[in-house]
Amino acid sequence: MTLRMSLLGLSAALMLTALAMVFFYAPTDIVLGVSQRIFYVHVPLALVGFLAFAVVAVCSIGYLWKGSERMDNVAYAAAEIGVLFTSLMLITGMLWAKPAWGVWWSWSPQLTTSLILWFLYAAYLMLRAYAPPGETAARYAAVLGIIGFIDVPIVYMAARWWRDLHPNKVLGPLAEESALEPPMQLTFLVSILAFTALFAWLMTERTELRRQEIQVERMRYIYGEA
Amino acid sequence: MSEQRAPGAPTGASWWAAILAVLWKDLLLESRTREIVTPIVVFSLLVIVIFSFVLDPNPRLIESVAPGALWVAFTFAGILGLNRAFALEKERGGMEGLLLSPVGRDLLYFGKMLGAFLFMLVVEIIMLPAFSAVFNLPLVEPGLWLVIVLATFGFATVGTAFAAMAVNTRAREILLPVLFFPVAAPVIIAAAEATRAVYAGDSFADYSNWVGLIAAFDVIFAVVAAATFEFIVNE
Amino acid sequence: MAKRNGLLAAALLLLLPALGAEGEEFLPFLFAAFAITWVAFFAYAFFIARKQADLKQEIEVLRSLQDKDDDSE
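Residues numbered from 1 in each chain as written. Chains lettered and ligands numbered in written order. Predicted model: local features only at pLDDT ≥ 70, side-chain atom pairs only at ≥ 80, totals over all residues. Heavy atoms only, no water.

1. Some remarks on the overall build of chain A
Phase 1: From N to C terminus, chain A includes six helices and zero strands.
Phase 2: Listed N to C, the secondary structure of chain A is α-α-α-α-α-α in terms of helices and strands.
Phase 3: In chain A, which comprises 226 residues, the proportion classed as buried is 55%.
Phase 4: A separation threshold of at least 6 residues defines the contact pool for chain A, and within that pool the share at least 24 residues apart is 81%.
Phase 5: Of the accessible surface of chain A, which amounts to about 9,800 Å², a share of 70% is contributed by carbon and sulfur atoms. (Helix = DSSP H or I, 4+ residues; strand = E, 2+ residues; numbered from the N terminus. Buried < 20%, exposed > 50% of the residue type's maximum accessible area, 1.4 Å probe, protein only. Contact = heavy atoms within 4.5 Å. Areas by Shrake-Rupley, 256 points an atom, 1.4 Å probe, with all protein chains shown as cover.)

2. Observations concerning the packing of helix α2 (residues 39–66) of chain A against helix α5 (residues 135–165) of chain A
Residues and elements named next belong to chain A.
Phase 1: Running from N to C, α2 and α5 cross one another at 130°; their axes reach a closest spacing of 8 Å. The angle between the axes of α2 and α5 places the two elements in the oblique class. Once α2 is placed against α5, the crossing between them reads as left-handed. Contacts between α2 and α5 pair Phe 50, Phe 53, Ala 54, Val 56, Ala 57, Ser 60, Ile 61, Tyr 63 and Leu 64 from the former with Glu 135, Ala 138, Arg 139, Ala 141, Ala 142, Val 143, Gly 145, Ile 146, Phe 149 and Val 152 from the latter. (Axes fitted to C-alpha atoms, helices over the stretch in contact; angles between N-to-C directions. Parallel < 35°, antiparallel > 145°, perpendicular 65-115°, else oblique. Left-handed = near helix turned anticlockwise from the far one by under 90°.)

3. Concerning the nonpolar core
Phase 1: Counting 170 residues, the largest nonpolar core has Phe 85 of chain A, Trp 71, Phe 131 and Phe 162 of chain B together with Phe 41 of chain C as its most contacted members.
Phase 2: Broken down by element, the residue count for this core peaks at 17 residues, all from helix α3 (residues 69–101) of chain A.
Phase 3: Ignoring sequence-local partners within four residues, the contact set of Phe 162 of chain B consists of Leu 144 and Ile 147 of chain A together with Leu 176, Leu 179, Phe 180 and Val 183 of chain B. (Core = buried A, V, L, I, M, F, W, Y, C linked by side-chain atoms within 4.5 Å.)

4. Structural notes on a negative patch on the surface
Phase 1: Together, Asp 67, Asp 69, Asp 70 and Asp 71 of chain C make up a negatively charged patch on the protein surface.
Phase 2: Within the secondary structure, Asp 67 of chain C sits in helix α2 (residues 27–72). (Patch = residues over 30% accessible without salt bridge, like charges linked within 9 Å, V, L, I, M, F, W, Y side chains within 5 Å. Salt bridge = Lys/Arg side-chain N within 4 Å of Asp/Glu carboxyl O. Lys, Arg positive; Asp, Glu negative; His and termini not counted. Charge placed at Lys NZ, Arg CZ, Asp CG, Glu CD.)

5. Overview of the interface of chain A and chain B
Phase 1: At the interface, 27 residues of chain A touch 30 residues of chain B.
Phase 2: Buried surface at the junction of chain A and chain B, summed over both partners, amounts to about 2,700 Å²; 79% is from carbon and sulfur atoms.
Phase 3: When the buried area of chain A at its contact with chain B is split by residue, Tyr 130, Tyr 140 and Ile 147 of chain A rank highest and sum to 23% of it.
Phase 4: Where chain A packs against chain B, one counts zero salt bridges. (Buried area = accessible area lost by both parts, 1.4 Å probe.)

6. A look at helix α3 (residues 59–92) of chain B
Residue and element names in this part refer to chain B.
Phase 1: When the terminal C-alpha atoms of α3 are compared, their 47 Å separation across 34 residues agrees well with the 50 Å that a helix rising 1.5 Å per residue should span.
Phase 2: A maximum bend of about 45° is found in α3 at Val 65, where proline Pro 67 lies one to four positions downstream.
Phase 3: Looking one or two residues past α3, Gly 93 carries a phi angle of roughly 70°, positive in sign. (Expected span 1.5 Å × (residues − 1). Bend = angle between axes of the 7 residues up to and from the residue.)

7. A word on the interface of chain C and chain A
Phase 1: Each partner contributes residues to the interface: chain C has 31 residues there, and chain A has 41 residues.
Phase 2: Around 3,500 Å² of area is buried between chain C and chain A when both sides are counted, 78% of it from carbon and sulfur atoms.
Phase 3: Connecting chain C to chain A are two salt bridges.
Phase 4: Among the salt bridges present, the one from Arg 220 of chain A reaches Glu 58 of chain C, with a minimum N-O distance of 2.7 Å.
Phase 5: Linking chain C to chain A there are four residue pairs in polar contact (both at pLDDT 80 or more). (Polar contact = N/O pair within 3.5 Å; in protein donor to acceptor, adjacent residues only side chain to side chain.)

8. Some details on the environment of Phe 119 of chain A
Residues and elements named next belong to chain A.
Phase 1: Summarising the element assignment, Phe 119 is placed in helix α4 (residues 109–130).
Phase 2: Taking the relative accessible area as the measure of exposure, Phe 119 reaches 42% and is therefore partly exposed.
Phase 3: The spacing of Phe 119 and Val 83 is 36 residues in sequence and 8.8 Å in space, taken between C-alpha atoms.

9. Observations regarding the pattern of salt bridges
Phase 1: Counted by the stated rule, this structure contains 18 salt bridges over all chains.
Phase 2: Lys 51 of chain C serves as the salt-bridge partner of Glu 213 of chain A, at 3.2 Å between the closest nitrogen and oxygen. Within this pair, whereas Glu 213 of chain A is found in helix α6 (residues 182–222), its partner Lys 51 of chain C is found in helix α2, the two belonging to separate chains.
Phase 3: For Glu 213 of chain A, a relative accessible area of 14% translates into the label buried.
Phase 4: Notably, a salt bridge pairs Glu 173 of chain B with Arg 172 of chain B, separated by 4.0 Å at the nearest N-O pair.
Phase 5: Owing to a relative accessible area of 54%, Glu 173 of chain B belongs among the exposed residues under this scheme.
Phase 6: A relative accessible area of 22% places Arg 172 of chain B in the partly exposed class.

10. As for the packing of α2 of chain A against α6 of chain A
Residues and elements named next belong to chain A.
Phase 1: Taken N-terminus to C-terminus, the directions of α2 and α6 make an angle of 40°; their axes are 9 Å apart at the nearest point. Accordingly, the angle class assigned to the pair α2 and α6 is oblique. The hand of the α2/α6 crossing is right-handed. The segment α2 lies against α6, with Phe 39, Tyr 40, Val 41, Val 43, Pro 44, Leu 45, Leu 47, Val 48, Leu 51, Ala 52 and Val 55 engaging Met 184, Thr 187, Phe 188, Ser 191, Ile 192, Phe 195, Thr 196, Phe 199 and Met 203.
Phase 2: Across the contact of α2 with α6, the residue classes tally to 17 nonpolar, three polar and no charged. (Nonpolar A, V, L, I, M, F, W, Y, C, P; charged D, E, K, R; others polar.)

11. Observations concerning helix α8 (residues 204–233) of chain B
Phase 1: Between the first and last C-alpha of α8 of chain B there are 40 Å, a value that for 30 residues agrees with the 44 Å anticipated at 1.5 Å per step.
Phase 2: The largest bend in α8 of chain B is about 40°, located at Ala 227 of chain B.

Below, the structure is given as structure tokens:
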């Protein structure tokens, strides 16, 4: 309980700091203008989303190895939160691409990889929903969690070579990362910390909820009513 | 896992014997019933006809869209074949029989995977001449055949693992493609690009990186899927 | 509806001085990106909290049933 409360407090404090820095401390980008500030949500969302999928992979291996239900609960929570972060990353990315590049979508290697990742872990959640409940769903999901994560670098390679063959017609200034000024770097760092703390808090809450769900399922099974 | 193998004989020869026994069972059954290959071939030919209806017959345009059409047809045929193979196995209770046998689950995987690979390959061998004839494309291209064999093997590696899961779920017809496509995306991209290069008359060196990518996918996922197969099929 | 638009305009006005004048036409994109992210996070946290409360209650009920069973035996 105390861990969850302190994580909530930490992420709230960091988030407020990050928000204040994004709007009142970081300078406006000379080339990209105000829309560059989306960077401070978009990139942390992407990084933490990727971290979430790494957690899924590690816990999947742990689950198949040790068979501990707790590992599986953590993997489940990480997959769901990872899909949430990746969805928001794709949305904020589109909202940044339009002002920066003049298009909503560009098949850059990062975007292509993220989109496929989103589909992969959406499929992971579907598999958990449709598989026979209990231990079978956990085993299937763990196998997919491992296969999916190993697939990521291969997808990235394919997306990069593919992009070389089919260059996008991008209008306006290309966001080939202009070097960040020190205040921007600091703001970016605080944003990453804030999103990581938020992720940690959501993880504890979602894992706890998952534990409750399983407990209720078992009790219902024993006492048919209610 | 080793305790599931036939006692006292974990030699290379007996591994092959086990894999081939599983494969042989699938091939024999299929040669008698033809319940997988025949319907999938008919379906695939229909897909080609539909493509020729909807695509502009301009030869220059065909060259740019044909590789995509070919791989869409192949992946759809592959998915349907996998679904059908495992659904039939479940109906007949074949999997229970295999699981009772003292064969290692990794060897069982290789047997099933090679079976799926061969079924898909047979369908593609029948489809490709029809496709080449309809769209007036070259057929005898060793590079193209290499790409097809490697990519089909890649489809079979992950496809077998996912089909074995999907068959036990609700909504299995939709779940298999939903699981399969994102994971197989790099193979589909690589195969389509390599095919495009072949049709454009490029030399092997120009698309060898795509072939290498597919080969890497094949090796990695054959190993990973074999190692995790016991967690999919064991009750 | 009018009230919501008013709030939106106020939020944009509040942010304007901090942002400087350039690229104003892209302000709605910036606003949308932050708003969507925050609404999604709050909605998700709210959904988890409510579900947790519901399940806690259900666990209590089931547990009391269990106790009754144990008593009658």
